[in-house]
Amino acid sequence: QALNHEETKVCVDCERAFLEALDGNCKTPIAGQARIVDGKVVFRGLIAMPDGSQKFEISSEGEIADAKAIGREAGESLKAQAGEKFFQMMVEMSPQQVLGQITK
């Protein structure tokens, strides 16, 4: 019998849909957290420049059955708010530039 905790799966599905909408990977400063609160999915997400100079945040909630859509729509909304230039700059910023900003 497969092991599955349904509330955890719902939250992970929401978070993964958020990351997918933003083309997130382990090198991009993207955060998403979904929780089940009073029978609803409550989601918070954020994207930031590696040096912290800019960030965009979002919160949303909805029905458990809509978890993937909640995550996807949150990602699409942040993508639209930040604009294409933000993502180009985020990818182009080198680790050396980030370290230079941190050590100043």
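It should be noted that the structure appears before, not after, this text.
Residues numbered from 1 in each chain as written. Predicted model: local features only at pLDDT ≥ 70, side-chain atom pairs only at ≥ 80, totals over all residues. Heavy atoms only, no water.

## Here's the deal with the overall build of the protein chain
Within the protein chain, the regular secondary structure consists of four helices and three strands. Its helices and strands in sequence order give the protein chain the pattern α-β-β-β-α-α-α, from N to C terminus. Relative to all contacts within the protein chain whose residues are 6 or more apart in sequence, the contacts with residues 24 or more apart total 50%. (Helix = DSSP H or I, 4+ residues; strand = E, 2+ residues; numbered from the N terminus. Contact = heavy atoms within 4.5 Å.)

## Things to note about the state of the cysteines
Summed over all chains, the structure comprises zero disulfides. Sulfur of Cys 11: no disulfide; nearest cysteine sulfur belongs to Cys 14 and is 7.3 Å away. Owing to a relative accessible area of 11%, Cys 11 belongs among the buried residues under this scheme. Overall, the relative accessible area of 0% leaves Cys 14 in the buried class. (Disulfide = S-S within 2.5 Å. Buried < 20%, exposed > 50% of the residue type's maximum accessible area, 1.4 Å probe, protein only.)

## Focus on the pairing of strand S3 (residues 55–63)
As judged from the nine bridges shared by strand S2 (residues 40–48) and S3, these two strands associate in the antiparallel manner. Residue pairing across strands places Gly 45 opposite Ile 58, the latter belonging to S3. Taking the residues between adjacent antiparallel strands as the criterion, S2 and S3 are bridged by six residues, where Gly 52 takes a positive phi near 80°. (Pairing = 2+ DSSP bridges.)

All quantities given are derived from atomic positions and should not be read as evidence of function.
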